[in-house]
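Residue strings, one per chain:
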Amino acid sequence: MTLMASLDVTGLRYFLAIARHANLTRAAGELGITQPALTIALRRLEEALGTTLFVRTREGVSITATGEELVHHATELLAGLERAGHAIAGLESGERGRFVVGCPESLGIYFMPAVVARVARELPLVELALVTARSRDVEQAVLRRELHFGIVARPLPHPDLVLVDLFRDWTGLFERPRRGKRAGAASLRRGPLVYVDGLPQTQEILSKLDERGLVPEHRLPCGTLELVKAMTAEGVGIGILPSRVAAYGAAGALAALGGQLPRVIDPIRLIYRADLHRTRAAMRLKDLLADGARRFR
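Summarised in this report is the structure supplied together with it. Within any chain, residue numbers begin from 1 and follow the written order of that chain's sequence. Local features are withheld for residues below a pLDDT of 70 in this predicted model, meaning they are given only at 70 or higher, and side-chain atom pairs are given and counted only at 80 or more; totals for whole chains, interfaces and linings count all residues. Only hydrogens and water are removed before side-chain values are computed, so all heavy atoms of the structure are retained for them.

Here we take up the packing of helix 2 (residues 9-21) against helix 3 (residues 24-31). Note on definitions: angles span 0 to 180 degrees between N-to-C directions of axes, and those axes are lines fitted to C-alpha atoms, for helices only across the stretch in contact. Helix numbers and strand numbers start at the N terminus; a helix is a DSSP run of H or I with at least 4 residues, a strand a run of E with at least 2. Helix 3 packs onto helix 2 with a crossing angle of 130° between their chain directions and a minimal axis gap of 8 Å. By the angle class used here, helix 2 and helix 3 are oblique. As for the relative orientation of helix 2 and helix 3, their crossing is right-handed in sense. Packed against helix 2, whose contacting residues are Arg13, Tyr14, Ala17, Ile18, Arg20 and His21, the element helix 3 presents Leu24, Arg26, Ala27, Glu30 and Leu31 at the interface. For this classification, Asp, Glu, Lys and Arg are treated as charged, while Ala, Val, Leu, Ile, Met, Phe, Trp, Tyr, Cys and Pro are nonpolar and the rest, including Gly, are polar. Of the residues that constitute the contact of helix 2 with helix 3, the class distribution is six nonpolar, one polar and four charged. For classification purposes, angles smaller than 35 degrees are called roughly parallel, those larger than 145 roughly antiparallel, those between 65 and 115 roughly perpendicular, and all remaining angles oblique. Working rule for handedness: look at the near helix, and if it is turned counterclockwise from the far one by less than a right angle, call the crossing left-handed; if clockwise, right-handed. Contacts are assigned to residue pairs that have any heavy atoms within 4.5 Å of one another.

Right, let's get into the environment of Leu257. Its location among the elements puts Leu257 in the loop between strand 10 (255-256) and strand 11 (264-273). The class for Leu257 is buried, based on a relative accessible area of 4%. Separated by 85 residues in the primary sequence, Leu257 and Gly172 have C-alpha atoms spaced 8.0 Å apart. Partly exposed residues are those whose accessible area sits between 20% and 50% of the maximum for their type, while under 20% is buried and over 50% is exposed, using a 1.4 Å probe and protein chains only.

With that out of the way, let us pick up helix 9 (residues 200-211). Its twelve residues give helix 9 an end-to-end C-alpha distance of 17 Å, which sits within 8% of 16 Å, the value for a rise of 1.5 Å per residue. What helix 9 keeps buried is the set Gln201, Thr202, Ile205, Leu206 and Leu209. Along the axis of helix 9, the buried positions cluster into a sector of 130°, meaning they face one direction only. Along helix 9, exposed side chains directed more than 90 degrees from the buried face belong to Asp210 and Glu211. Looking one or two places after helix 9, you find Gly213, whose phi comes out positive at around 70°. Here the expected span of a helix is defined as 1.5 Å times the quantity of residues minus one. This arc describes the spread of directions from the helix axis toward the C-beta atoms.

Right under this line is the structure:
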């Protein structure tokens, strides 16, 4: 058994009481225990440390050099434990803590600034970090406990995740706003079709276009949805975009192609692990994230 394992907080409290009073009877009275019980506790502490902490005198007890050294360390240790207790109580029931939230840039760029500003006002003791990644990567990061919360499109069901519905978006085909007739099947076939490759929504749109014989001759894969929007707004081609991206941002709103062209529904959900430590701050942050996303809807 190690030295730390053989020591206990009660024994150190008893020791400090004896050191303050230099008298076992008075120390026992302060602690509300009998003198024999205090003597036994002191003997156990001395045995654990392998030293004599007090010597008896006519007036009571006198502390030894090793006892003086223990006073300093025991006082510091008990004060640290008290601070830790207060900190833990604050994390459990207070609105403080550190949290990491993840979401795709196309979701976070529009509503997260307002949410973060609200968190700063209502939860000033909460430290927040934001991570942007694709929805599937955010899901995996939440499962790996790298993120506390994620806001994602079309999350896959998982037994370890809680999914909270926020709103429903849709992905479809968009063009630069124009007067008069909008782009039709012919212009769609010519392309170029601008999109982010690898997104599930993009693949579904492309598959549906292929089924209808509307796959364009020219394609322009891009790295981000914001770049797709910028290209579409400049008239480079027709973009595959979520409606939230097409409707917001500095480039201005784009026009959705009408007719029977394919669209894909995107349920947007807040996700977190089912075993998330549900402190007061964590639950308040969850509510603010959900409310901010729903307001964006």
